[in-house]
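# Working through the structure, step by step
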Amino acid sequence: MLFARFFHSAKISIFTPLVSFIKNLSYFSYMENNDNQINIELNEEIAEGVYSNLAIITHSQAEFIVDFVQMMPGMPKARVRSRVIMSPQNAKRLMHALIDNVQKFEQVNGHISDTDNTPIPPINFSGTTNQA
């Protein structure tokens, strides 16, 4: 349930810029609309984040899997930097939170162009095939 509430509100985006400036952050508090407080632990390694320029989304009846990939120009092999597995309900909440945040970003910073014509090469996962 914490995961659902975490993604349900876009207010968490307020804290995103703080993460890059606070290296020794161990936890912070996130206030929900109903003034209930949720303590979210964010260790230093996770606070640094990972860079991703491609997301691969797959799903089964029970879950959505989002692989965040880092592709380097001219390199034939890309690396999955992080994998997030969530329920369909939380995937939909994440979708709505992203839509809300992109709209707010564009109101302040202008339109984000999504007309990238760079072709995405065929994807071949090496290693074992995972079943959801």
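This one's a predicted model, so the numbers in the text were calculated from it and none came from an experiment. Residue indices begin from 1 for each chain and proceed along its sequence in written order. Local features are withheld for residues below a pLDDT of 70 in this predicted model, meaning they are given only at 70 or higher, and side-chain atom pairs are given and counted only at 80 or more; totals for whole chains, interfaces and linings count all residues. Think of the side-chain values as coming from all heavy atoms in the structure, minus any hydrogens and water.

## Description of the overall build of the protein
How we decide: What counts as a helix is a DSSP run of H or I of at least four residues, what counts as a strand is a run of E of at least two, and both are numbered from the N terminus. When accessible area is computed with a 1.4 Å probe and restricted to protein chains, residues below 20% of their type maximum are described as buried, those above 50% as exposed, and intermediate ones as partly exposed. By the convention used here, residues are in contact when the closest approach between their heavy atoms is within 4.5 Å. We get accessible surface area from the Shrake-Rupley algorithm with a probe of 1.4 Å; when it comes to residues, only the shown protein chains can shield them.
When helices and strands are tallied, the protein shows four helices and five strands. Reading the protein from its N terminus to its C terminus gives the helix and strand order α-α-β-β-α-β-β-β-α. The 132 residues of the protein split such that 19% are buried. Expressed as a percentage of contacts within the protein between residues at least 6 apart in sequence, the contacts between residues at least 24 apart total 31%. Summed over all atoms, the accessible surface of the protein reaches about 10600 Å², with 56% contributed by carbon and sulfur.

## Digging into helix α4 (residues 88-109)
Here is the rule we go by: Multiplying 1.5 Å by the residue count of a helix minus one yields the expected span of that helix. By arc we mean the arc of the directions from the helix axis to the C-beta atoms, nothing more.
End to end, α4 covers 31 Å across 22 residues, agreeing with the expected 32 Å (1.5 Å per residue, within 8%). Of all the positions in α4, only Asn-90, Ala-91, Leu-94 and Ala-97 are classed as buried. Buried residues of α4, seen end-on, are gathered within an arc of 120° and therefore sit on one face of the element. What points out from α4, more than 90 degrees from its buried face, is the exposed set Lys-92 and Gln-107.

## Observations concerning a nonpolar patch on the surface
Formally: Patch construction takes residues with relative accessible area above 30% that form no salt bridge. Like charges are linked within 9 Å, and nonpolar side chains (Val, Leu, Ile, Met, Phe, Trp, Tyr) are linked within 5 Å. The rule for a salt bridge is simple: a side-chain nitrogen of Lys or Arg has to be within 4 Å of a carboxyl oxygen of Asp or Glu.
On the surface, Val-102, Phe-105 and Ile-112 cluster together into a nonpolar patch covering about 240 Å² of accessible area. Note on Ile-112: relative accessible area 35%, which makes it partly exposed.

## Remarks on the pattern of salt bridges
Summed over the entire model, instances satisfying the criterion amount to two salt bridges. Asp-67 is the partner of Arg-83 in a salt bridge, and the nearest nitrogen-oxygen pair spans 2.6 Å. Taken together, the residues Arg-83 in strand β5 (residues 79-86) and Asp-67 in strand β4 (residues 64-70) connect sequence positions 16 residues apart. On the basis of relative accessible area, Asp-67 is assigned to the buried category, the value being 3%. Measuring nitrogen to oxygen at the nearest pair gives 3.1 Å for the salt bridge that ties Lys-104 to Asp-100. With Lys-104 and Asp-100 both in helix α4, this residue pair falls four residues apart, about one helical turn. The exposure class assigned to Asp-100 is partly exposed, which follows from its relative accessible area of 27%.

Coordinates in, geometry out; function isn't part of it.
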